[in-house]
Amino acid sequence: MTRAIVLDIEGTTSPTDSVRTGLYGYTEQHLPAWLADNASGPAETVIARTRELAEEPTADTDRVAAILTAWLHSDVKAEPLKAAQGAICAEGFRAGALHGRFFDDVVPALKTWHAEGYRLFVYSSGSERNQRDWFTFAEAGDLSALITDHFDLVSAGAKREAGSYELIADRIGIPARDILFLSDHPDELDAAVAAGWQAVGVHRHGEPNPPRPPHRWVNSFAEVEVAEN
């Protein structure tokens, strides 16, 4: 029986390019000004944590921007980078410069699963703030009501560690065996299965992560078979 479905975003619900070109590109473009304008406010903690992690205690805002940009290009999952991206992109979503994009099969499936009583959650490496905005300001309209809750690297931990999935199961109060995880990344599927979850791989044309046994793989959410409640 499945009671909850947990969704990855990048490469699973949404094209990787829409995330990296959209959110990453917008973050890079606005990062230096955001740091300079908010150094004594919202950016203060980001600057301090970046200096700490980079072991450069005297780095000025230009240098912090360079460090964060390098991490962005290398897809480093660093907490201060995610915090900065969340704040910067929040402004972009509200200004109408950014919108959540989804594969064509995703929104109909989410609406169907929600109507059938399955609880839907998101677990992505993007910040919870960006996740919520991705669904709220979607090209298809506000989808936020479909999602029960969101988890990221800060609230749940690394996506390739079984302990992160155990923590999520505990927080949502649903037995591991009743949770289905959908992701395009084999290592994430491995971790979910190790935690006792059900898992199905999603591989779409043009996306970077190839399927890998022993998981079952689909090309569309329309192919996902959910155990009935």
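Before reading on, note that the structure itself is shown above.
One structure accompanies this document, and this report is about it.

Calculation rules
- Residues numbered from 1 in each chain as written.
- Predicted model: local features only at pLDDT ≥ 70, side-chain atom pairs only at ≥ 80, totals over all residues.
- Heavy atoms only, no water.
- Salt bridge = Lys/Arg side-chain N within 4 Å of Asp/Glu carboxyl O.
- Helix = DSSP H or I, 4+ residues; strand = E, 2+ residues; numbered from the N terminus.
- Buried < 20%, exposed > 50% of the residue type's maximum accessible area, 1.4 Å probe, protein only.
- Pairing = 2+ DSSP bridges.
- Axes fitted to C-alpha atoms, helices over the stretch in contact; angles between N-to-C directions.
- Contact = heavy atoms within 4.5 Å.
- Lys, Arg positive; Asp, Glu negative; His and termini not counted.
- Phe/Tyr/Trp six-rings, centres within 6.5 Å; stacked < 30°, edge-to-face > 60°.
- Lys NZ or Arg CZ within 6 Å of the ring centre and 35° of its normal.
- Core = buried A, V, L, I, M, F, W, Y, C linked by side-chain atoms within 4.5 Å.

1. Quick look at the pattern of salt bridges
Taken as a whole and assessed by the stated rule, the structure comprises 16 salt bridges. Across the pair glutamate 10 and arginine 20 runs a salt bridge, and its minimum N-O distance is 2.6 Å. Residue glutamate 10 is located in the loop between strand 1 (4-7) and helix 1 (16-37), and its partner arginine 20 is located in helix 1; the two are separated by ten residues in the primary sequence. The salt bridge partner of lysine 77 is aspartate 75, with a shortest N-O separation of 3.0 Å. Taking the relative accessible area as the measure of exposure, aspartate 75 reaches 23% and is therefore partly exposed. Counted as one network, the salt bridges with shared partners bring together Glu10, Arg20, Asp75 and Lys77.

2. Some details on the sheet that holds strand 6 (residues 216-218)
Taken in spatial order, the six strands line up as 3-2-1-4-5-6 in an open sheet, and their pairing is parallel. Each edge of the open sheet carries a strand with a single partner, namely strand 3 (149-151) and strand 6. Neighbouring strand axes in the sheet, compared pairwise and without regard to direction, differ in orientation by 25° on average. Relative to strand 5 (residues 198-202), strand 4 (residues 179-183) runs parallel, the two being bridged by four bridges. From the neighbouring strand, serine 183 faces strand 5, where its bridge partner is glycine 201. Here helix 7 (residues 162-172) sits on the sheet in contact with strand 1, strand 2 (119-123), strand 3 and strand 4, set at roughly 145° to strand 2. Across the sheet, helix 8 (residues 186-194) is in contact with strand 4, strand 5 and strand 6; its angle to strand 4 comes to roughly 170°.

3. Points about the side chain of glutamate 207
Relative to the helices and strands, glutamate 207 resides in the loop between strand 5 and strand 6. No salt bridge is formed by the buried glutamate 207; the nearest opposite charge belongs to arginine 204, separated by 7.0 Å. Contact partners of glutamate 207, with chain neighbours within four places excluded, come to Gly11, Pro15, Thr16 and Phe103.

4. Quick notes on the packing of aromatic side chains
The geometry of two aromatic rings is summed up by the distance between their centres and the angle between their planes. In this structure the tally under the stated criterion is ten aromatic pairs. Taking the centre distance of 5.9 Å and the plane angle of 25° together, the rings of phenylalanine 93 and phenylalanine 137 count as stacked. Taken together, the positions of phenylalanine 93 in helix 4 (residues 79-94) and phenylalanine 137 in the loop between helix 6 (128-136) and strand 3 put the pair 44 residues apart, joining distant regions of the chain. Residue phenylalanine 93 is classed as buried on the basis of its relative accessible area, which comes to 2%. These aromatic residues form a ring-pair network of at least three members: Phe93, Phe102, Trp134, Phe135 and Phe137. For lysine 159, the ring lying beneath its charged end belongs to tyrosine 123, and the centroid distance is 5.3 Å.

5. Points about the nonpolar core
The biggest cluster of nonpolar side chains holds 52 residues, and the ones touching the most others in it are Ile5, Leu35, Leu110, Trp113, Phe135, Leu182 and Phe221. Looking at this core element by element, the count peaks at seven residues for helix 1. If we skip the residues at most four places from it in the chain, phenylalanine 135 touches Ile9, Phe102, Leu110, Val122, Gly141, Asp142, Leu143, Ser144, Ile147 and His150. Core analysis: the second largest hydrophobic core is formed by 20 residues, Tyr123, Phe151, Ala156 and Tyr165 among them.

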